[in-house]
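If you want the building blocks of each chain, they are given just below.
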Amino acid sequence: MRKWFGLLIFGFAFLIQVEGQAPPPPSPRQGPPAPPPAPLIYSPPLNTDIKEFTPESKLFTARFPGMPSEQKRMSNGADITTYRVYRKGSNSTIAITEKVARLADHSEEGFRLIREAIRKQGGKIENDSEVAVNGWKGREFRALHDYTFRRFRVFIVGARVFEIQSDVTNWHIIGDKVKKEWNKETDRFFASFKLN
């Protein structure tokens, strides 16, 4: 169980990074590298960007800030399907991990292992609270990891784990106005998530 929950969180929440901003390596013929690009600064989606989405599996409905891409993979005996929208400076993601064993009976142990995994990877938990969707209890974590701030919710429903995440990069330089806009959009995205 310990190994599996570590995989869940770090196979999804903390390994999805916003696109890198490092300048390209210098070419011997081009001379010194170009200056780095301007830092990515979050801007909220327009109302026309918001798209209601239900996957083919019909397991959930959510209103993403754009049409999500889908990625499927298998890891440690678990099937993981990820739906993700990348916007300048931010990711909005929902992942479903399906495992044969019933996990709901071990949810508190799972949440403890998530906290432990965040700390081991150098993240700092700023808030950890109980949340609910369609009567299913879960946890919301707010964590800072390097320059990225993440909010994610985890719901364990039978043998499935649903993880909904929003992150923003350059947390150390974005102002209070941008942080407020990002939190407002994250609240909207999270509130739109419904289990079917």
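Residues numbered from 1 in each chain as written. Predicted model: local features only at pLDDT ≥ 70, side-chain atom pairs only at ≥ 80, totals over all residues. Heavy atoms only, no water.

Right, let's talk about the sheet that holds strand β2 (residues 60–64) for a bit. The strands making up a sheet are joined through hydrogen bonds of the backbone, oriented either antiparallel or parallel. The strand order across the open sheet formed by three strands is β1-β2-β10, and the pairing between neighbours is antiparallel. Strand pairing shows two members of the sheet lacking a second neighbour, β1 (51–53) and β10 (194–195), which therefore form its edges. In this structure, β2 lies alongside β10, joined through two bridges in antiparallel fashion. Bridge pairing links F60 to L195 in β10. Its contacts with the sheet place helix α3 (residues 176–192) against β2 and β10, and it is angled at close to 160 degrees to β2. (Pairing = 2+ DSSP bridges. Helix = DSSP H or I, 4+ residues; strand = E, 2+ residues; numbered from the N terminus. Contact = heavy atoms within 4.5 Å. Axes fitted to C-alpha atoms, helices over the stretch in contact; angles between N-to-C directions.)

Quick look at the side chain of H145 now. Structurally, the position occupied by H145 is in strand β7 (residues 136–145). Judged by relative accessible area, which is 12%, H145 ranks as buried. Of note is the side chain of H145, whose polar atom sits 2.6 Å from the backbone oxygen of Q121. (Buried < 20%, exposed > 50% of the residue type's maximum accessible area, 1.4 Å probe, protein only. Polar contact = N/O pair within 3.5 Å; in protein donor to acceptor, adjacent residues only side chain to side chain.)

Before going further, it helps to examine the pattern of salt bridges. Evaluation of the coordinates by the stated rule reveals 16 salt bridges. For D128, the salt bridge is made with R115, and the minimal N-O distance between the two is 2.3 Å. Pair noted here: D128 is in strand β6 (residues 124–133) and R115 is in helix α2 (residues 107–120), with a separation of 13 residues, a long-range link. For R115, a relative accessible area of 17% corresponds to the buried category. Between K120 and E116 there is a salt bridge, and its shortest N-O distance comes to 3.5 Å. Residue K120 and its partner E116 are located together in helix α2, separated by four residues, close to a single helical turn. In this structure K120 comes out as exposed when scored by relative accessible area, which is 65%. Several salt bridges converge on common partners, so that one network encompasses E140, R142, R151, R153 and D187. (Salt bridge = Lys/Arg side-chain N within 4 Å of Asp/Glu carboxyl O.)

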